[in-house]
Amino acid sequence: EIIEECSSKMSKTIEALHTSLATIRSGKVSPSVLDRILVEYYGEMTPIKAMAGIQTPSSTQLLIRPFDPTTVKAIQQAIGASDLGVNPVVDGGAIRLTFPSLTTERRNEFAKQAKKICEDAKVAIRNIRRDYNEIVKKDKTLSEDVAKSLEKDIQKETDKHIKKIDEIFAAKEKELFTI
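Starting afresh in each chain, residues are numbered from 1 along the sequence in its written order. Reporting in this predicted model follows two pLDDT cut-offs: at least 70 for local features of residues, and 80 or more for side-chain atom pairs to be given and counted; totals over whole chains, interfaces and linings ignore these cut-offs and use all residues. By convention in this description, side-chain values take in all heavy atoms of the structure and omit both hydrogens and water.

Trainee: An account of the packing of aromatic side chains is requested, with residue identities and associated values reported.
Mentor: Each aromatic ring pair is specified by the distance between its two centres and by the angle formed by the two planes. Ring pairs are drawn from Phe, Tyr and Trp, using the six-membered ring of Trp, whenever the two centres fall within 6.5 Å, and their geometry is named by plane angle: stacked under 30 degrees, edge-to-face over 60, tilted for the rest. Tallied over the full model, the rule gives one aromatic pair. Throughout this description, the term charge over a ring refers to an Arg CZ or Lys NZ atom that lies within 6 Å of the ring centre and within 35 degrees of the ring normal. Above the plane of the ring of phenylalanine 169 lies lysine 115, whose end atom (NZ or CZ) is 5.1 Å from the centre.

Printed below as a string of structure tokens:
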């Protein structure tokens, strides 16, 4: 039961990692690069995808069509103030974002960003391991052999999830450097 709970928490960390890495742009532009940009809408900070339809007409363009035409200016300002490095252009009732092709320097920058996110996920996995090892040590009802066995199983789960993070990083890095 302890091992299942531990594994479940570690798997949630992996899911969060996937979500974080999706916001890092690779060769083809994805609408998920807008996920962390929030726009003030009726006093609430709202994600763009909740306020507009997002299309990818080409591999370097995003087309944002707000559901409420009065929000075009607010969305344009939020994107302009973000760290995306693109200039939003209002095109009728829509906003067009044209992303420049990634330079080697920019790809390296994104790879560093992805590596940091992966390292943070590894730290989270190790913290989960530490927490569950402490639970096992504090449980006086367990025999010494059972406690050692549980600690080994927790370590196996940790190793499995850390290996998965390394594989995810390798895939993201390959994606970043594929032209």
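After that view of the structure, there is still more to cover.
Trainee: Now, about the pairing of strand β2 (residues 44-47): what can you tell me, with residues and values included?
Mentor: Strands pair, by our definition, only if DSSP identifies at least two bridges between them. Numbered from the N terminus, helices here are DSSP runs of H or I no shorter than four residues, and strands are runs of E no shorter than two. Examined bridge by bridge, strand β1 (residues 38-41) and β2 share four bridges and lie antiparallel to one another. Paired with valine 39 across the strands is threonine 46, a residue of β2. Counting the residues in the hairpin turn of β1 and β2 gives two residues, including tyrosine 42, whose phi is positive at 55°.

Trainee: So, the layout of surface pockets: which residues are in play, and what are the values?
Mentor: Here the largest pocket is characterised by a volume of approximately 200 Å³. Using a grid of 1 Å spacing that covers the protein atoms alone, one calls a set of points a cavity when a 1.4 Å probe fits there but cannot get out, and a pocket when the set is open and has protein on both sides within 12 Å along at least five of seven lines; lining residues are those with an atom within 4 Å of a point. If you trace the largest pocket, you find 15 residues lining it, with Arg25, Asp83, Leu84, Arg106 and Phe110 closest to the centre. Of the residues contributing to the lining of the largest pocket, the split by class is six nonpolar, five polar and four charged. Grid points are joined across faces, edges and corners, and a volume is the space filled by probe spheres set on the points. Side-chain classes follow a simple rule in which Ala, Val, Leu, Ile, Met, Phe, Trp, Tyr, Cys and Pro form the nonpolar group, Asp, Glu, Lys and Arg form the charged group, and the remainder, Gly included, forms the polar group.

Trainee: Can you lay out helix α1 (residues 2-22) for me, pointing to particular residues and giving the numbers?
Mentor: To estimate how far a helix should extend, the number of its residues minus one is multiplied by 1.5 Å. The terminal C-alpha atoms of α1 lie 31 Å apart, and with 21 residues this matches the ideal 30 Å at 1.5 Å per residue to within 8%. The secondary structure elements touched by the buried residues of α1 are α4 (104-138) and α5 (144-177). By the convention used here, residues are in contact when the closest approach between their heavy atoms is within 4.5 Å.

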